[in-house]
Amino acid sequence: MTDDKRVLGAVSERGTVKAPIVVNCAGMWAREVGLGVGVDVPLMACEHFYIVSKPIAGLPSNLPVLRVPDEWAYYKEDAGKILLGAFEPNAKAWGASGIAEDFCFDQLPEDVEHFTPVLEAALNRVPLMQTTGIDTFFNGPESFTPDSHFILGEAPQLRGFYVAAGMNSQGIQYAGGVGKVLAQWIMDGAPPGDLTAVDIRRFYPFQKNRRYLQARVSETLGLLYADHFPYRQFESARGIRRTPLYQPLKERGACFGEFSGWERANWFLPKEAAKRGDVAEYQYGWRRQKWWEHVAAEHLAVREHVGVLDLSTFGKLRVEGPDAADFLQKVCANDIDVPIGKIVYTQMLNDSGGVESDATVTRLADDVFCFITGAAQAVRDMAWMKRLLPDNARCVITDISVGEACIGVMGPKARTLLRLLSPTALENDAFPFGECQQIEIGMATARAHRISYVGELGWELHLPVDVAWHVLEAILATDENIRLCGMHAMDSCRLEKGFRHYGHDLSNEDHVLEAGLGFAVKCEKAVGKFGAFIGKDAVLRKRESGRTRRLMQFVLSDPEALLYHHEPILRNGENVGYLTSANYGHYLGVAIGLGYVNCRADETAADLTADAYQIVIAGHKVAAQASFRPPYDPAGARMKV
């Protein structure tokens, strides 16, 4: 039972139970249960196989579990027998047309032909099985999700409706932790830590589609045992969310990656490489992958000339109404009450001072604001704001993410390029950094935001989708040396500048001051209609008590070494943290990363940077220089020229 905003109880064939909290832990039925109350729970069952051998005399009971990812298999002793299970690629989705009401968790028909490749490899891997018969051949349904992570938390569409489902055949492994953190989540009204990877708010409505799920879960089952190569992309259920610039970018050599369903250009294959027979596709490995030199060229184009990026996948929320400013003052840590046209970099905090979102807010009118967040954050941020929106607030929040395209024009020659297309005065005195203006460009108009995530002079051009292609063509026609750039180059540029990324460097359990973002927190700002901003007390307490962990920048000494993230950080030989994000700084010619370092509250920045640091890469210790200032343009002058 619901009132369209929150749960009132549950109804079953045995009667009605009034309750303010309902947990959907219906396993493979969780999708249908969610649909019944308007909640998206994207999962679908796959046929999941294992066999059990006949009893084997003398088989030790303390054998370790053997996992063979290359053969998609695992082995374990089971009451004097050998159990062989599989996570094979190209799994068989089940129940796409619905699950019969009278179906109980039971065995499905055997499919020996499907299981044969696993069995043949097993006979070679464990010769004992060649002379041991099969006692049980089990095929049963097990639910899987689009990204192989389970689903947890309060649904964004319905207050009081929680989900714990989609365990991807790892329910026994997860059960204790899931039960604990979900109970805490319900009692506290917030997750007890960073559960972003499994939070239900990571999904978008299209992902409940049955054809999408049928295609995707057939892949995610096998990926549980596949090598997790850096930058590995899903191959199934692709091409669903495309920006207005998808086709022209594809024609110009884009290699796309999938992110929250969006097809995003990650890198571009140059014409000369295409003539040699190269293709715009990933070929995975643990070292420098085939696109390395192309991304390096894109990175250098941004640093030395101009790069053009499709940024249309930004999450964009329009916040408007007479109370919009007061509401944003409540949920944002920075001061949002600025003149029309100003852009404010801010975080939304929780009561502990943890970062719930990292965004920019642009004031478009007295009562209209544009809240721009990451591509994966729109659902999450919308749910967070709507939950906090007072019932009496005269304010409306609308997701306009797909209603605007966005083209980034970044680099020291960005102003020169735009002058060829726009009569607008673009100099600092007329169009300063951190400001938004309406401009003419080509034969269209755009809302130009002078802001940069790569650390260079640049503008983000927000456009109606119908003119985006025209504007891109006009930009590319101005100069044959202009380079289209992808997300890999943007990421490496932002890391040279030490810019944070939500989901890696920032989370709901990372205190905004320990993340080095105190400059974006204005405790002294006026208290609005809805009270002081959320997290203010936690910020003041942290300022008083001191920081016990700090986000620092690391630059390796070895130019050949690569970093990805989660590499351990050693300080004077002691483990003090790990990298939250990393990439290769192509302008600097060395790998760089960001990571939190545990420290004493009384340690100064000089204390922390004076010691010897090493980053552990695949067991090898590599010396690194630690700092609190970005290694590239530490003063930020290049963005403001």
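Quick note: structure is the one above.
This structure is a prediction, so every number in the text was calculated from the model and none was measured.

Asker: How should I be thinking about the pairing of strand β24 (residues 458-464) in this particular structure?
Answerer: Here β24 lies mainly inside the structure; 6 of its 7 residues are buried. Bridge count for strand β23 (residues 444-449) against β24 is 3 bridges, and the pairing is antiparallel. Residue pairing across strands places His449 opposite Glu460, the latter belonging to β24.

Asker: Got a minute to help me understand the pattern of salt bridges in this structure?
Answerer: Scanning all chains against the criterion turns up 34 salt bridges. Here Arg31 ties to Glu32 by a salt bridge, and the two come within 2.8 Å at their closest N and O atoms. Take Arg31: its relative accessible area is 9%, and that puts it in the buried class. Overall, the relative accessible area of 37% leaves Glu32 in the partly exposed class. Residue Arg419 is joined to Glu427 by a salt bridge in which the shortest nitrogen-to-oxygen separation is 2.2 Å. Its relative accessible area of 44% is what places Arg419 among the partly exposed residues. Here the residues in one salt-bridge network are Arg571, Arg600, Asp602, Glu603 and Asp611, joined through shared partners.

Asker: Before we go on, may I ask you to explain the environment of Gly171 in this structure?
Answerer: With respect to the secondary-structure elements, Gly171 resides in helix α3 (residues 171-188). Exposure remark for Gly171: the relative accessible area of 29% places this residue in the partly exposed category.

Asker: Sorry, what's going on with the nonpolar core here?
Answerer: If you look at soluble globular proteins, the nonpolar side chains tend to sit buried side by side. One finds Phe554, Leu556 and Ile615 to be the most contacted residues of the largest nonpolar core, which totals 42 residues. For this core, the elements supplying multiple residues, two or more each, are β26 (549-556), β28 (574-585), β29 (590-598), β30 (613-617) and β31 (620-627).

Asker: Whenever I open this one, unusual backbone geometry confuses me. Can you help?
Answerer: Glycine aside, the phi torsion of most residues is negative, and most peptide linkages are trans. Even without a glycine there, the phi angle at Trp72 is positive, about 60 degrees. Within the secondary structure layout, Trp72 lies in the loop between β5 (66-68) and β6 (73-78). With a relative accessible area of 29%, Trp72 lands in the partly exposed category. Not every positive phi belongs to a glycine, and Ser169 is a case in point at roughly 65 degrees. Looking at the element boundaries, Ser169 is found in the loop between β11 (161-165) and α3.

Asker: I tried to follow the sheet that holds β26 on my own but got confused; where do I start?
Answerer: Hydrogen bonds between backbone groups are what pair the strands of a sheet, and the pairing can be parallel or antiparallel. What the 6 strands build is a closed barrel, ordered β26-β29-β28-β27-β30-β31; its pairing is antiparallel. Each strand axis lies, on average, 40 degrees off the axis of its neighbour in the sheet, ignoring direction. For strand β27 (residues 568-571) and β30, the ladder comprises 3 bridges, and the chain directions are antiparallel. Residue pairing for β30: Arg571 is matched across the bridge by Tyr613. The strands that helix α12 (residues 487-496) touches are β26, β28 and β29; relative to β28, the one it contacts most, it runs at about 130 degrees.

Basis of the calculations
Residues numbered from 1 in each chain as written. Predicted model: local features only at pLDDT ≥ 70, side-chain atom pairs only at ≥ 80, totals over all residues. Heavy atoms only, no water. Buried < 20%, exposed > 50% of the residue type's maximum accessible area, 1.4 Å probe, protein only. Helix = DSSP H or I, 4+ residues; strand = E, 2+ residues; numbered from the N terminus. Pairing = 2+ DSSP bridges. Salt bridge = Lys/Arg side-chain N within 4 Å of Asp/Glu carboxyl O. Core = buried A, V, L, I, M, F, W, Y, C linked by side-chain atoms within 4.5 Å. Axes fitted to C-alpha atoms, helices over the stretch in contact; angles between N-to-C directions. Contact = heavy atoms within 4.5 Å.

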